[in-house]
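A look at the structure
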Amino acid sequence: MSMFEKMKNLLANHCETQEDHQDEQLRSRYYKTTAANALKTVKEIIEKSPHFELLSISEERGELSVAVSKGKKAFMVITVISVRPFETAIDFSVTTETKLLPFDFGFSRNVVLDMYQKLDQHLTYIGSGINADM
């Protein structure tokens, strides 16, 4: 990642993962599990953390809305998508509430990376951005 991209990450209040993200750490991650099990695991991680509050869950859409109160306040949307049997993608979108300055110094990015680290401990990681060429 270039120095410009690093500065851009620090000077933003939003972070979103995607299949072909230029930052390899922010590419969609795939796990060897069903969508239902991945959704259940994500929900358990959220409910166990004192820094997160589950606002809503849509099992049919595979989306969870979460309020983040760790350090700064933020809003997180987690999307769980079944790609194939026992291959599930998990993506995040985190927006930090900022008051004085319009950026969060990488807070939203760190929330995403922390969640992926927790998921890696509970689910079998397959790879990142593996369907970018589809």
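Structure: above.
The paragraphs below set out a description of the structure included in this document. None of the values given here were measured: they were computed from a predicted structure.

1. Observations concerning the pattern of salt bridges
Think of it this way: side chains of opposite charge can pair up when their charged atoms draw near. Scanning the model with the defined rule gives seven salt bridges in all. The residue Glu87 makes a salt bridge to Arg84 at a minimum N-O spacing of 2.8 Å. With a relative accessible area of 35%, Arg84 lands in the partly exposed category. Look at the salt bridges and you will find they share partners, linking Lys70, Asp114 and Lys118 into a network.

2. Thoughts on the nonpolar core
By size, the foremost hydrophobic cluster in this structure holds 27 residues, and its most contacted members are Ile46, Met76, Ile78, Ile90, Phe92, Met115 and Leu119. For this core, the secondary-structure elements that each account for two or more residues are helix H2 (35-48), strand S4 (63-68), strand S5 (74-84), strand S6 (87-96) and helix H3 (107-122). If you tally residues by element for this core, the top one is H3, at seven residues. Leu119 has contacts with Tyr31, Thr41, Val42, Ile45, Ile90 and Phe92, leaving out every residue within four places of it along the chain.

3. Comments concerning a nonpolar patch on the surface
Among the surface-exposed residues, Leu100, Leu101 and Phe105 lie close enough to one another that they form a single nonpolar patch of about 370 Å² accessible area. Note that Leu101 resides in the loop between S6 and H3. For Leu101, a relative accessible area of 43% puts it in the partly exposed group.

4. Concerning H3
Relative to the 22 Å expected for 16 residues at 1.5 Å per residue, H3 spans 23 Å between its end C-alpha atoms, a close match to the ideal helical length. Looking at H3, one finds that the buried residues are Phe107, Ser108, Arg109, Val111, Val112, Leu113, Asp114, Met115, Tyr116 and Leu119.

5. Focus on the environment of Thr88
Its location among the elements puts Thr88 in strand S6. The exposure class assigned to Thr88 is buried, which follows from its relative accessible area of 0%. C-alpha separation for the pair Thr88 and Asn37, spaced 51 residues apart in sequence, amounts to 9.5 Å. When residues no more than four places from it in sequence are discounted, the contact partners of Thr88 are Arg29, Tyr30, Tyr31, Thr33, Thr34, Ala35, Ala38, Val80, Ile81, Ser82 and Val83. A polar contact is formed between the side chain of Thr88 and the backbone oxygen of Thr33, at a distance of 2.6 Å.

6. Things to note about the packing of aromatic side chains
A complete count under the given rule lists two aromatic pairs for this structure. With a centroid separation of 5.0 Å and an interplanar angle of 85 degrees, the aromatic rings of Phe92 and Tyr116 are classed as edge-to-face. A residue pair is termed long-range when its members are at least 10 positions apart, and Phe92 in strand S6 and Tyr116 in helix H3 qualify at 24 residues. No difference in accessibility class separates Phe92 from Tyr116, as the two residues are buried.

7. Here's the deal with H2
The end-to-end C-alpha separation of H2 is 20 Å, in line with the 20 Å expected for 14 residues at 1.5 Å each. The complete set of buried residues in H2 reads Ala38, Leu39, Thr41, Val42, Ile45 and Ile46. One side of H2 carries all its buried residues, which in axial view fall inside an arc of 160 degrees. When the buried face of H2 is taken as reference, the exposed residues oriented beyond 90 degrees from it are Ala36, Glu47 and Lys48. Elements that come into contact with the buried residues of H2 comprise strand S3 (52-58), S4, S5, S6 and H3.

Rules used in this analysis
Residues numbered from 1 in each chain as written. Predicted model: local features only at pLDDT ≥ 70, side-chain atom pairs only at ≥ 80, totals over all residues. Heavy atoms only, no water. Salt bridge = Lys/Arg side-chain N within 4 Å of Asp/Glu carboxyl O. Buried < 20%, exposed > 50% of the residue type's maximum accessible area, 1.4 Å probe, protein only. Core = buried A, V, L, I, M, F, W, Y, C linked by side-chain atoms within 4.5 Å. Helix = DSSP H or I, 4+ residues; strand = E, 2+ residues; numbered from the N terminus. Contact = heavy atoms within 4.5 Å. Patch = residues over 30% accessible without salt bridge, like charges linked within 9 Å, V, L, I, M, F, W, Y side chains within 5 Å. Areas by Shrake-Rupley, 256 points an atom, 1.4 Å probe, with all protein chains shown as cover. Expected span 1.5 Å × (residues − 1). Polar contact = N/O pair within 3.5 Å; in protein donor to acceptor, adjacent residues only side chain to side chain. Phe/Tyr/Trp six-rings, centres within 6.5 Å; stacked < 30°, edge-to-face > 60°. Arc of directions from axis to C-beta.

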